[in-house]
Amino acid sequence: MAAPVTARHSAVLADVEDLLGGLTDFVDSVVVPLEARHAELFDQGRRFYAESGAYSDPVRELLLQVRERSAAAGYYTMFVPEELGGGGLGPVTLYEVWRRLYSRYGPARILPFASVAHWSYAPSSLCRHLSARTRDEMLEPYLAGTTTSCFAMSEPDAGSDAWAMTTRARRDGEDWVLTGTKQWITNSPEADWAFVFAVTDEEQRAARRGGISCFLVPTSAPGFAVDSVIALFGQAGGHEGILSLTDVRVPAHALVGALHQGFDLALEGVSTGRLYNAGRCVGLADWALRQAGAYVAERRTFGTRIADYQGVSFPLADCAVEIYAGDAMARECARTLEATGAAHHEIAMTKVYTTEMCSRVYERCMQVHGGMGLTNELRLYDGWHQARIVRIADGSAEILRRNIARKVIGGRR
Ligand SMILES: Cc1cc2nc3c(=O)[nH]c(=O)nc-3n(C[C@H](O)[C@H](O)[C@H](O)COP(=O)(O)OP(=O)(O)OC[C@H]3O[C@@H](n4cnc5c(N)ncnc54)[C@H](O)[C@@H]3O)c2cc1C
């Protein structure tokens, strides 16, 4: 008989503690020293980004090193299905790992987070849907951290309304030929492979019942181009690109999952992404509150510690209340997802709450630091940026509220 969910959950959490101990030892002993040795790259935008706006070659080289060393140590693919050679770990661990990593290492860093494969540009549960031939062709270096990917769904005129996409895949003999433009695609300037979503049946797409399929496309294919990199928040470059596909030809086995059912795959990926973002936001918020707590205990004005003013301490109390609520909500959501395999409603609520909570926490924590809260040195600005981004990416707060409201109005709590 299967163990009760709560007993299984405790066992999972005990294992998570062991795993996290090993992972943070790895990051502390391998990744942090590497980051420190190359601090000049991370301190200055002009060394971090190349002329094109993509990551500079030395940054790419360091990311590659971290991925490969983490893969060799057994951490990188912990969320990839076991049958493909990964760790096969589920949503409870996924939430906990990302929360802890972000809480420990904080914002304005990228190397520590490259130690674990990110769902949208590295091996994930989506690999299960690759054809046997595609796996043979590309999986080994992908699992080893040598190659990476991107998840190309959004388009200039199809963001929230992904059904409005116009990228097409037409059959030509045994091949598929893809044409279209994708926008906002994270990691596309660096990726070796792209999971590209395209219309394969116009009638089904128009009825919003299917007709969209996913293909794994090598970014070196003739006709595939990263036309530009999108820079955010005044930075010199970015991690998101605009792609064009002009008659890109791929073989039949490049189809990922079932024909016309690409949206099911997208939903699987995005659900993981939303839980990842909950972990990221709760962790980042936790990091900021620790910084703020330490700062207000030391900083004095008018001869008094600023922690003694309620105008300073109460906002921090509000942060603690909201972080606790977000964490409890996300753990419960991860447990439901692990036990039932689908929790779209719970994930939507959790993503709305934790991402907005993280923005509020950064606002308050920056404010209690005074001018220091705005400096590059304290890194709070980057946590605020990250929280701001995820209120739009992976399903905007409004679209998620629309989905939540539909269920509530339909009678579900
Ligand atoms: C940093 C970043 C990384 C991203 N990475 C990826 C990626 O890797 N792959 C990928 O495919 N996509 C990616 N995206 C795209 C992301 O999924 C879209 O930006 C998002 O879906 C919103 O689409 P949009 O930007 O076109 O906004 P729009 O759809 O134009 O929406 C504009 C505004 O209107 C609101 N709105 C729209 N429709 C409704 C409605 N029915 N009811 C109420 N409000 C509505 C939205 O919430 C938003 O506030 C990324 C985006 C960002 C910012």
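Since the structure is predicted, the reported quantities are computational estimates derived from the model, not experimental observations.

If you walk through the whole model with that rule in mind, you get 14 aromatic pairs. Relative to Y49, the ring of F48 lies with its centre 4.9 Å away and its plane at 85°, an arrangement referred to as edge-to-face. Comparing F48 with Y49, the two get one shared label, buried. In this structure an aromatic cluster arises from ring pairing among F42, F48, Y49 and Y55.

Counting residues in hydrophobic clusters, the biggest one holds 66 residues, and the most contacted among them are L23, V97 and W98. Within the residue set of this core, elements represented by two or more residues are α1 (5–37), α4 (57–73), α5 (91–105), α8 (262–298), α9 (310–340), α10 (344–368) and α11 (380–390). By residue number, the principal contributor to this core is α8, which donates twelve residues. Split by domain, this core shows at least three residues from each of two domains, domain 1 (5–128) and domain 3 (264–409). When neighbours within four sequence positions are excluded, V97 is seen to be in contact with L19, L20, L23, M78, F79 and V116.

On to the site of the ligand. Around the ligand, 17 residues are found, and the nearest of them are F151, S154, S160, S396 and E398. M153 is positioned with one of its backbone polar atoms (N or O) 3.0 Å from an oxygen atom of the ligand. Contact distances for the ligand include 2.6 Å between an oxygen atom and a side-chain N or O atom of E398. Notes on the ligand: free accessible area 970 Å², of which the protein chains cover 66%. Elements supplying a minimum of two residues to the shell around the ligand: β3 (175–186) and α12 (397–409). Across the shell around the ligand, the residue classes break down as eight nonpolar, five polar and four charged. Both domain 2 (149–256) and domain 3 (264–409) contribute no fewer than three residues apiece to the shell around the ligand.

Within the element layout of this structure, R274 appears in helix α8. Despite its burial, R274 remains without a salt bridge, the nearest opposite charge being carried by D394 at 6.3 Å. The contact partners of R274, leaving out residues within four places of it in the chain, are I347, K351, D394, G395 and L400.

We now examine the domain arrangement of the protein. As a measure of interface size, the accessible area lost when the parts come together is often cited. Once the domains are mapped, the protein shows domain 1 (5–128), domain 2 (149–256) and domain 3 (264–409). Look at where the C-alpha atoms of domain 1 and domain 3 centre, and you get two points 20 Å apart. Counting residues at the interface gives 25 residues for domain 1 and 33 residues for domain 3. Together domain 1 and domain 3 conceal approximately 2400 Å² of surface at their shared face, both sides included; 65% is due to carbon and sulfur atoms. Across the domain 1-domain 3 interface, the total number found is three salt bridges. Across the pair D327 and R99 runs a salt bridge whose closest N-O atoms are separated by 3.5 Å. Linking domain 1 with domain 3 are ten residue pairs in polar contact (both at pLDDT 80 or more).

Summed over the entire model, instances satisfying the criterion amount to 23 salt bridges. Across the salt bridge formed by R100 and E96, the nearest N and O atoms sit 3.2 Å from each other. One end of the pair is R100 and the other is E96, both in helix α5 and four residues apart, which spans about a single turn. As a salt-bridge pair, R249 and D172 come within 2.6 Å of each other at their nearest N and O atoms. Highlighted residues: R249 in strand β7 (residues 240–251) and D172 in strand β2 (residues 168–172), separated in sequence by 77 residues.

Reading the values: the criteria
Residues numbered from 1 in each chain as written. Predicted model: local features only at pLDDT ≥ 70, side-chain atom pairs only at ≥ 80, totals over all residues. Heavy atoms only, no water. Phe/Tyr/Trp six-rings, centres within 6.5 Å; stacked < 30°, edge-to-face > 60°. Buried < 20%, exposed > 50% of the residue type's maximum accessible area, 1.4 Å probe, protein only. Core = buried A, V, L, I, M, F, W, Y, C linked by side-chain atoms within 4.5 Å. Helix = DSSP H or I, 4+ residues; strand = E, 2+ residues; numbered from the N terminus. Domains from an automatic or database assignment. Contact = heavy atoms within 4.5 Å. Near = heavy atom within 4 Å. Polar contact = N/O pair within 3.5 Å; in protein donor to acceptor, adjacent residues only side chain to side chain. Areas by Shrake-Rupley, 256 points an atom, 1.4 Å probe, with all protein chains shown as cover. Nonpolar A, V, L, I, M, F, W, Y, C, P; charged D, E, K, R; others polar. Lys, Arg positive; Asp, Glu negative; His and termini not counted. Salt bridge = Lys/Arg side-chain N within 4 Å of Asp/Glu carboxyl O. Buried area = accessible area lost by both parts, 1.4 Å probe.

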